[in-house]
Amino acid sequence: MPASDSQISSRSRRRTPTGLRVPRLEPRLRAGRARILRHCSRRGAASGIAIGLPLATIIWLTDHDPGRAAFTAIGVGLLLATVFASRQRRRAATLWPRIWDRIIGSQSLIETILDRQQQPAGNPWLDALRARSAHLPLPSPTALRRHLPAPDPRPSLALTATAMLIGAVLGPFDPIPEVQLNQDSGSTSVAQISSELPTDEQLRSRQQRIRGREDAALALAGRPALEPLARQIRGLSPATTAPQSLLPRDLQAVQAALQRLAAGDPIIPEVALWNPLLALDSRSPMVTSAALPGDGASLALSTDPGNEAVTRSTALADGGSDRPTDLSPTPFDPQLSAAPIDSIQLAGTATDDASDLRLDTSVVTPPGEESAASWDRVRDDPQLAPRWSRVIDLYQLWIRGKEGSGGG
Amino acid sequence: MVDDAVQRFCQQDLQLREALGAVIFGQPDAVDGATCALLAGGHLLLVGVPGTGKTKLAESLADSTGLSRGRIQFTPDLLPADILGGETLLPGSSGDRVEFRPGPVFTQLLIADEINRGTPRTQSALLEAMQEYSVTISSHRHRLDPLFSVIATRNPIEMEGTYPLPEAQRDRFLLEVQLHSPAPEVLTRIAAATTIETQMTATKVLEPKQIESMRQTVRRVIAADSVIDRAAHWVAATRPEDPTAPEPVRRGLRLGAGARALQALILSGKVEALRNGRTHLDDEDWKKWRHEVIRHRLVYSLEGELDGLGPEEIVSAVDRAVAHQG
């Protein structure tokens with residue numbers, strides 16, 4: 001009784017470990033297939049090693065632990081070889097009939113025999129074809145190497161040599177500093193890094209400064225004229241110049257901002273420039289009269305209520321009147337020269353060359369026991385800025401003029 | 001037995017080609033293509049300028065194979081009945097009777113000379129005959145000879161009074177074989193052979209029975225599914241709507257090859273395999289006649305025509321695309 005198609009099919013097929021159903025092959029076809037698959041596996045492994053060799057070299061060069069480096073390098077090489085070998089084998093599993101046909105020059109013969117492997121006998125043409133499979137020449141290793149050559153090892157070797165050369169030139173890669181925390185080794189790196197790190201106190205100071213600036217900027221909020229200053233405090237814009245005139249409320253806001261800034265903040269002098277009185281106070285050496293060399297004679301801003309500047313300042317502190325503060329120099333009034341002088345007042349914007357400094361002669365401290373010699377000593381001091389020398393000159397000129405006119 | 005069959009086929013095929021080559025000078029490819037179509041059991045379209053031997057080749061095929069021939073000179077006033085035949089009222093003593101009088105289509109080798117001179121209506125009369133090997137007249141189906149083949153000729157230059165072949169009819173031709181203008185030395189041979197007293201005709205080398213046997217041999221050639229699959233992918237890539245179609249196909253074609261083209265590729269490939277002494281089909285076999293198989297099946301888009309795309313460019317592009325797909 002002839003076998004049914006299903007019986008033939010079940011006989012001619014077998015299950016592979018991977019679960020794929022492949023037809024049962026003639027011994028010669030099986031031998032040829034094994035030979036091709038073996039060659040393809042070796043070829044794939046060679047490709048994997050060719051790629052893995054430079055990689056393994058780089059791993060070996062970068063790792064300071066020789067044992068681990070060797071283990072990793074060999075592992076990477078083996079892994080790549082295995083992956084590439086199995087990939088090539090898998091691809092060859094479907095292409096091996098065509099590879100065999102190509103090698104022995106039998107145009108699609110193996111492919112056709114394999115295709116009709118499952119058909120029952122009885123067709124003389126098919127039987128004749130099958131009979132030929134018993135005499136098929138197996139693909140020789142030489143022919144396999146000729147048609148499916150192994151990858152050229154030169155690029156891989158060149159890359160490996162380059163990696164080794166770079167490794168030899170650069171030396172072993174330095175470990176990452178943070179990783180070496182062994183303080184017993186006497187390494188200076190930890191100490192250096194620790195010394196370069198900011199201390200807690202510095203961090204606190206910085207935080208206070210930032211917070212102070214934020215508060216100061218808030219104090220200026222809502223005053224369009226002070227917007228540039230607020231931006232400068234926030235660090236959003238470079239140093240700005242104060243406008244010629246400010247409303248008392250603006251000046252009051254500047255005052256409030258200055259109070260909110262942290263002590264020692266380097267921005268204080270720049271903010272103080274927006275308040276002319278404070279600017280003088282913060283930048284003039286007169287406020288630090290004790291530091292002035294001399295015989296104790298000093299110029300100081302008087303707190304006398306009669307002093308116009310103080311009056312203005314006090315008025316501003318009390319809310320002031322909403323009229324622009326006139327910062328222009330007060331013209332000389334000869335009638336006032338006869339009045340008793342309690343103090344001297346400087347008005348104007350502090351500049352480097354003191355070009356706009358003027359003596360306000362409204363109230364002047366009487367010369368008293370001040371001597372010209374002591375003023376000369378002070379004036380000739382090399383540490384004194386030229387503008388203050390000019391102030392002293394003006395003052396002495398004024399004194400002489402006063403003496404000459406018989407006043408005082 | 002198989003080897004004998006293949007050997008016999010090769011021998012008879014060689015005899016046939018030699019017999020044709022003796023009367024058709026300088027057109028070996030056309031002779032190979034014409035015999036291939038005949039042995040594959042398909043219809044043949046011969047295209048060439050006047051004087052290239054199209055009709056001579058068709059008649060020589062009939063002469064060398066001994067197949068019965070019918071000849072139709074296509075003209076614009078030709079009617080379907082002139083091709084297929086019709087029912088005629090015949091008076092008789094016992095009364096009038098209607099009798100079917102077969103047309104020239106009832107033959108083994110039908111030579112349709114200058115087929116594009118017939119109107120589309122007349123050309124369409126051949127559709128059923130070419131595909132079904134039968135003719136239906138007055139609801140009565142008339143079988144054609146199993147060896148029925150159409151060999152049509154077409155002049156590609158002359159446009160006056162011609163009608164383009166409908167796509168459906170063009171698709172029914174297995175191959176379109178082009179005959180090229182002969183070289184000067186070939187012209188010399190033609191002049192010398194045709195201007196003498198004896199008329200040159202092809203020698204009869206085969207019998208119709210042998211043609212039938214050869215056709216059966218062709219059908220026995222084994223084609224692996226994987227080989228047919230590759231041919232099918234090649235055909236699919238000639239369709240502009242196919243995702244694997246290359247850019248020239250998508251841009252330059254409106255209609256690509258279909259199922260009949262694949263059949264033609266496989267059948268002509270099988271003839272080629274036998275000619276190479278093989279009992280199985282190889283990729284090289286079906287690729288041999290791919291130009292002739294798809295040339296007349298392609299419908300170009302306006303852009304393709306403007307760019308002057310031809311079957312050579314299409315075939316090259318498809319070859320590259322299919323090879324790239326692996």
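The structure we're discussing is the one just above.
Throughout this document, residue positions are counted from 1 along each chain, in the order its sequence is written. Whichever chain is written first becomes A and whichever ligand is written first becomes 1, with later ones labelled in order. Owing to the predicted nature of the model, reporting of local features is limited to residues with pLDDT of at least 70; listing and counting of side-chain atom pairs is limited to 80 or more, with chain, interface and lining totals taken over all residues. To obtain the side-chain values, all non-hydrogen atoms of the structure were used and water was disregarded.

S.K.: Tell me about a positive patch on the surface, residues and numbers included.
M.R.: There is a patch of like positive charges on the surface, built from Arg38, Arg42, Arg89 and Arg145 of chain A. The numbering of helices and of strands both runs from the N terminus, where a helix is a DSSP run of H or I of at least 4 residues and a strand a run of E of at least 2. Position of Arg42 of chain A relative to the elements: it lies in helix H2 (residues 27-62). A residue counts toward a patch only above 30% relative accessible area and without a salt bridge, and it is joined to like-charged neighbours within 9 Å or, for Val, Leu, Ile, Met, Phe, Trp and Tyr, to nonpolar neighbours within 5 Å. The protein chains shown are the only cover counted for residues, whose accessible areas, like all others here, come from Shrake-Rupley with a 1.4 Å probe. We count a salt bridge whenever a side-chain nitrogen from Lys or Arg sits within 4 Å of a carboxyl oxygen from Asp or Glu. For the purpose of charge, His is not counted, nor are the chain termini; Lys and Arg are scored as positive and Asp and Glu as negative. Where a charge lies is defined by one atom per residue type: Lys uses NZ, Arg uses CZ, Asp uses CG and Glu uses CD.

S.K.: Help me get a handle on helix H5 (residues 120-132) of chain B, residues and values and all.
M.R.: Residues that lie three or four places apart on an α-helix share one face, since the helix turns once every 3.6 residues. Residue and element names in this part refer to chain B. With 13 residues, H5 extends 19 Å from end C-alpha to end C-alpha; this agrees with the ideal 18 Å at 1.5 Å per step. Each residue is assigned to one of three classes by its accessible area relative to the maximum for its type, calculated with a 1.4 Å probe on protein chains only: buried under 20%, partly exposed between the two thresholds, exposed over 50%. All buried positions along H5 are accounted for by Thr122, Gln123, Ala125, Leu126, Ala129 and Met130. Tyr133 occupies a position one or two residues after H5 and carries a positive phi of about 55°. Helix span, expected: 1.5 Å multiplied by one less than the number of residues in the helix.

S.K.: Could you give me a rundown of the sheet that holds strand E8 (residues 149-154) of chain B, with the residues and numbers involved?
M.R.: Residue and element names in this part refer to chain B. The parallel open sheet is built from five strands, whose spatial order is E2-E5-E8-E1-E9. Looking at which strands have only one partner, the edges of the open sheet turn out to be strand E2 (69-73) and strand E9 (173-178). Averaged over all pairs of adjacent strands, the angle between strand axes in this sheet comes to 15°, irrespective of strand direction. For two strands to be treated as a pair, DSSP must find at least two bridges joining them. Note on geometry: axes are lines fitted to C-alpha atoms, helical ones only across the stretch in contact, with angles between N-to-C directions running from 0 to 180 degrees.

S.K.: So what's going on with the interface of chain A and chain B? Residues and values would help.
M.R.: Each partner contributes to the interface: chain A provides 13 residues, whereas chain B provides 22 residues. Summed over the shared surface of chain A and chain B, the number is one salt bridge. One salt bridge connects Arg230 of chain B with Glu111 of chain A, and the closest N-O pair in it is separated by 2.8 Å. Here a polar contact means two N or O atoms within 3.5 Å. Within protein one must be a hydrogen donor candidate and the other an acceptor candidate, and residues neighboring in sequence count only if both atoms are side-chain atoms. Counting across the interface, chain A meets chain B through eight residue pairs in polar contact (both at pLDDT 80 or more). The contact criterion used is simple: two residues touch if any of their non-hydrogen atoms lie within 4.5 Å.

S.K.: Summarise a nonpolar patch on the surface; cite the residues concerned and give the values.
M.R.: Taken together, Leu165, Ile166, Val169 and Leu170 of chain A make up a surface patch of nonpolar side chains, about 430 Å² in accessible area. Tracing the chain through its elements places Leu165 of chain A in helix H7 (residues 153-170).

S.K.: Run through the pattern of salt bridges, naming residues and quoting values.
M.R.: Residue and element names in this part refer to chain A. Scanning all chains against the criterion turns up 28 salt bridges over all chains. Note that Arg130 is salt-bridged to Asp127, the shortest N-O span being 3.7 Å. Residue Arg130 and its partner Asp127 are both found in helix H5 (residues 124-133); the two are separated by three residues, about one turn of the helix. Its salt-bridge partner being Glu214, residue Arg234 comes within 3.8 Å of it at the nearest N-O pair.

These values are about where atoms sit, not about what they do.
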